[in-house]
Amino acid sequence: MIKEAIFEDLPQILELYLHLHETAVPEESENLRCAWQKIMSDDNHHLVVCEVDGKIVSSCVCVIIPNLTRGVRPYAFVENVVTHADYRGKGYATGCLNYARELAQKENCYKMMLLTSSKSPETLAFYQNAGYNSTDKTAFIQWL
């Protein structure tokens, strides 16, 4: 089942992020609670999850960003696409990305963007099969 995360999903999402790039689940803290509360209360921040037998096995974030160009149409940014290693290749991340696309279309976004640090041909092919391309724009990152 694909849906938007609810407040109680935080522990499972943090565990899932160990299959993304995290090396440990963050300790319970005021900072963590505040960040989660901001995410949950932001109507433009969508944390999409896929549950299998009550377990969150895949997820992505879709943020809708208001915009003053392109006919004052917003755009969407997709981040933190992840699937638990034991559940990969079953279409769960594709389902999450499709849900994110539906959110973006409902909000009349004119584009969706996604960045990946992966150089894996399989991962890049996955994003291309999901409708993304790496030819229209050039991405630059400045780490802070």
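Residues numbered from 1 in each chain as written. Predicted model: local features only at pLDDT ≥ 70, side-chain atom pairs only at ≥ 80, totals over all residues. Heavy atoms only, no water.

Engineer: Any chance you could break down the nonpolar core for me, citing the residues and the numbers?
Structural biologist: If you look at the biggest cluster of nonpolar residues, it comprises 21 residues, and the most contacted ones within it are C60, V78, V81, L97, L114 and Y132. Take this core: its biggest share by element is 6 residues, from helix α3 (residues 92-106). With sequence-adjacent residues up to four places away left out, Y132 is seen in contact with V78, L97, M112, M113, L114 and Y127. (Core = buried A, V, L, I, M, F, W, Y, C linked by side-chain atoms within 4.5 Å. Buried < 20%, exposed > 50% of the residue type's maximum accessible area, 1.4 Å probe, protein only. Helix = DSSP H or I, 4+ residues; strand = E, 2+ residues; numbered from the N terminus. Contact = heavy atoms within 4.5 Å.)

Engineer: Explain the sheet that holds strand β2 (residues 45-52) residue by residue, including any values.
Structural biologist: Pairing within the open sheet is mixed, and its 5 strands lie in the order β1-β2-β3-β4-β5. The open sheet terminates on both sides in strands that have one partner only, identified here as β1 (2-4) and β5 (112-114). On average, each strand axis in the sheet is tilted by 25 degrees relative to the strand beside it, whichever way the strands run. (Pairing = 2+ DSSP bridges. Axes fitted to C-alpha atoms, helices over the stretch in contact; angles between N-to-C directions.)

Engineer: Summarise the layout of surface pockets; cite the residues concerned and give the values.
Structural biologist: Here the largest pocket is characterised by a volume of approximately 1,600 Å³. Around the largest pocket, the lining comprises 47 residues; the ones closest to its centre are L114, L115, T116, S117 and Y127. Residue contributions to the lining of the largest pocket peak at 7 residues, all from strand β4 (residues 75-83). Estimated volume of the second largest pocket: approximately 410 Å³. Along the walls of the second largest pocket sit 20 residues, with L14, Y17, L32, I39 and N80 positioned nearest its centre. Mapped by element, the contributors of at least two residues to the lining of the second largest pocket are α1 (10-16), α2 (30-41), β2, β3 (55-65) and β4. A breakdown of the residues in the lining of the second largest pocket according to their chemical character gives 14 nonpolar, 4 polar and 2 charged. (1 Å grid on protein atoms, 1.4 Å probe; cavity = no way out; pocket = protein on both sides within 12 Å on 5 of 7 lines; lining within 4 Å. Points joined across faces, edges and corners; volume = space filled by probe spheres on them. Nonpolar A, V, L, I, M, F, W, Y, C, P; charged D, E, K, R; others polar.)

Engineer: Describe the packing of aromatic side chains, and please don't skip the residues or the numbers.
Structural biologist: A complete count under the given rule lists 4 aromatic pairs for this structure. Both rings, one in Y75 and one in Y110, keep their centres 6.4 Å apart while their planes meet at 75 degrees; by these two values the pair is edge-to-face. Note that Y75 is positioned in strand β4 and Y110 in the loop between α3 and β5, a separation of 35 residues in sequence. Taking relative accessible area as the criterion, Y110 reaches 26% and is therefore assigned partly exposed. In this arrangement the basic side chain of K111 is found over the ring face of Y75, its NZ or CZ atom lying 5.5 Å from the centre. (Phe/Tyr/Trp six-rings, centres within 6.5 Å; stacked < 30°, edge-to-face > 60°. Lys NZ or Arg CZ within 6 Å of the ring centre and 35° of its normal.)

Engineer: Describe unusual backbone geometry, listing the residues and the values that go with them.
Structural biologist: One non-glycine residue, V72, lies in the positive phi region at around 60 degrees. Relative to the assigned elements, V72 resides in the loop between β3 and β4. The phi dihedral of N108 falls on the positive side, at around 65 degrees, and the residue is not glycine. Along the chain, the position of N108 falls in the loop between α3 and β5. The class for N108 is partly exposed, based on a relative accessible area of 43%.

Engineer: Describe the state of the cysteines, and please don't skip the residues or the numbers.
Structural biologist: Taken as a whole and judged by the stated rule, the model has 0 disulfides. Left without a disulfide partner, C60 is nearest to the cysteine sulfur of C96, which lies 5.3 Å away. (Disulfide = S-S within 2.5 Å.)

Engineer: Tell me what's going on with the pairing of β3, and back it up with residues and numbers.
Structural biologist: With 8 of 11 residues buried, β3 lies mostly within the body of the structure. Both β2 and β3 contribute to a ladder of 8 bridges, which runs antiparallel. Across the sheet, the residue bridging to E51 is I56, located in β3. Between the end of β2 and the start of β3, which pair antiparallel, lie 2 residues, with D53 showing a positive phi angle near 50 degrees. Both β3 and β4 contribute to a ladder of 7 bridges, which runs antiparallel. Note on β4: the bridge partner recorded for V61 is E79.

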